[in-house]
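Geometric and topological summary
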Amino acid sequence: MNIELFFIPLTEMDTASTNACMALLSENERAKVARYRAPKAQMNGLLVRAALRCVLSQGLSSRGGASSCTTQRQIAPQDWCFEYGAKGKPSLNHEQFLSTGIEFNLSHSGDWLLIALAQDDDKGETANTAQPRLGLGVDIERSRASTHIYPILNHYFSPIEAEGLLALEGEDAQRQRFFDLWALKESYIKATGLGLAQSLKSFAFDLAPNSLLAVDGGALQAVAPPNWVELEQQENFASPSQAMPCSYLQLPSRIPLYSNIKLLIEPETAQDATSSHAQHWRSYFGRLNEEYRFGLSLVDGDSLVDSDSLVQDDRLAKVTISMQLTSITALLAACSAI
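Residues numbered from 1 in each chain as written. Predicted model: local features only at pLDDT ≥ 70, side-chain atom pairs only at ≥ 80, totals over all residues. Heavy atoms only, no water.

Checked against the element boundaries, S283 lands in strand β13 (residues 280-287). Taking relative accessible area as the criterion, S283 reaches 1% and is therefore assigned buried. Engagement of the side chain of S283 in a polar contact is seen with the side chain of S297, the distance being 2.9 Å. In this structure, S283 is in contact with L184, F205, Y258, S259, I261, L296 and S297, ignoring residues within four places of it in sequence. (Helix = DSSP H or I, 4+ residues; strand = E, 2+ residues; numbered from the N terminus. Buried < 20%, exposed > 50% of the residue type's maximum accessible area, 1.4 Å probe, protein only. Polar contact = N/O pair within 3.5 Å; in protein donor to acceptor, adjacent residues only side chain to side chain. Contact = heavy atoms within 4.5 Å.)

Here it is, written out as C-alpha cells:
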C-alpha cells in the first residue's frame, strides 16, 4: 500500500493561475465556488478543487501513468469524475477507481491544504472490484489559542481522552494534546466514511501511558521514536508572483510520523462486541511544526478475524508513506503537458 501526502500552501493566486484553475473545474464545481461570499473562501475553494485534480493526475504521472493493477490511459486534471458517499465523502467514480485503484482524501486548515492518495500496488487485476474499498481519511489542524477547548471535551472526547489530556501539566500542553487528538479523530471518521454521523465519543485514541508526546520541563518531548519521512519539495514550488505563508518557512526537511497509536472502540450493542467482522485499521500522526499537525487513518473491513477486538491487518501493516511539499503554481506547471 502506497500513501502519498501532498502539503500545499493556501495562497493568493494571480489572474493567470486563477483562470487556469477555473478551467479545470466542472460546471458544478464552478457553481459551488461562486456561492462562497468571502473572497478568501472563494479563492480557497477554487484552489482546493483544482489542486486535487492536479494531484490526482500527478500521482499517476509519477508512476509512469499506469497502475500495477491495470493498464490505463493518462487522465488529465479536467477529466476526473467524482461521486459521493451517503454522508458526502467524495471519491473517484466507479470506472475511474477500477482503472486507477486510487483512493483520496483531503483537508485544509489555516494556511495549508493536505491531500492524500492511496494506491495498492500489491493487488492483482481483479482486486479493485472487491468491496468494501479502503477507507482513507486525513485531517490537518492548526492550533488556535482562541478555541475554548475545555467545554468541547465533554461533548466530543471520550473519558479516556479527556482524562489523559487533563493529566498533562499546563494549558499549553493540554491545548496541543487537544488538537493532536482532534486531528486523529477527524481522520478516523473520514476514513470510515460516516463523518459527524459517527459519534466522536464512540471511540478513543489512547495516547497514555505510551503518549506520542510527554511534558518535560515545559517542553514537548517524543516518548515513542517516530519514523522520519523526507518532505520532498516539488520543482518550481515557489514562483516570484506567489507569496508563501510564514508557516512554510518553519517547515523541516523531515517530518516525524508516529504509528504506535492505540484505538479503542465502544460497541453500540452486545452483538457488535462479539462480532467477528472487525474493521482493520491503522492510524498515523505527524507535525509540520508547532502550529500545524495532521492525522492519517486507514480502515479496511474486507476481512474476517477471530478476535472480538479491533486488530491491525497485515495488508495495512505494509504501508509506504511519502510526503511532498508543492504549490498550485508547481502543480499547474506539471500538469500542463498532460
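Alright, that's what it looks like, and here's the rest.
Tracing the sequence through the fold places E103 in strand β4 (residues 102-109). On the basis of relative accessible area, E103 is assigned to the buried category, the value being 8%. Taking the C-alpha atoms as reference, E103 lies 5.8 Å from L117; in sequence the two are 14 residues apart. Sequence-distant contacts of E103, that is, excluding residues within four places in its chain, are made with S91, F97, A116, L117, A118, R133, L134 and L136.

Our focus in this paragraph is the packing of aromatic side chains. Scanning the model with the defined rule gives 11 aromatic pairs in all. Residues Y188 and F205 carry aromatic rings whose centres are separated by 6.3 Å and whose planes lie at 85° to one another, so their mutual orientation is edge-to-face. Here F205 lies in strand β7 (residues 203-206) and Y188 lies in helix α7 (residues 171-192), a separation of 17 residues in the sequence. Here the aromatic residues Y156, F157, F178, F179 and W182 are joined through ring pairs into a cluster of three or more. One Lys or Arg, K185, reaches over the ring of F157 and ends 5.8 Å from the middle of that ring. (Phe/Tyr/Trp six-rings, centres within 6.5 Å; stacked < 30°, edge-to-face > 60°. Lys NZ or Arg CZ within 6 Å of the ring centre and 35° of its normal.)

As a working rule, side chains carrying opposite charge can pair if their charged atoms are close by. Taken as a whole, this structure holds 7 salt bridges when the rule is applied. For E141, the salt bridge is made with R144, and the minimal N-O distance between the two is 3.9 Å. The exposure class assigned to R144 is partly exposed, which follows from its relative accessible area of 32%. For E291, the salt bridge goes to R142, with nearest N and O atoms at 2.6 Å. In this pair, E291 sits in the loop between β13 and β14 (292-300) while R142 sits in strand β6 (residues 135-142), placing the two residues 149 residues apart along the sequence. Each member of the salt-bridge network shares a partner with another, and the members are D180, R287 and R293. (Salt bridge = Lys/Arg side-chain N within 4 Å of Asp/Glu carboxyl O.)

Of the pockets and cavities examined, the largest pocket occupies roughly 740 Å³. The wall of the largest pocket is formed by 28 residues, among which R49, Y84, G88, P90 and L106 lie closest to the centre. Residue contributions to the lining of the largest pocket peak at 6 residues, all from helix α3 (residues 39-61). Residue classes in the lining of the largest pocket are distributed as 12 nonpolar, 8 polar and 8 charged. (1 Å grid on protein atoms, 1.4 Å probe; cavity = no way out; pocket = protein on both sides within 12 Å on 5 of 7 lines; lining within 4 Å. Points joined across faces, edges and corners; volume = space filled by probe spheres on them. Nonpolar A, V, L, I, M, F, W, Y, C, P; charged D, E, K, R; others polar.)

It is worth stressing that arrangement in space is one thing and function is another; only the former is reported here.
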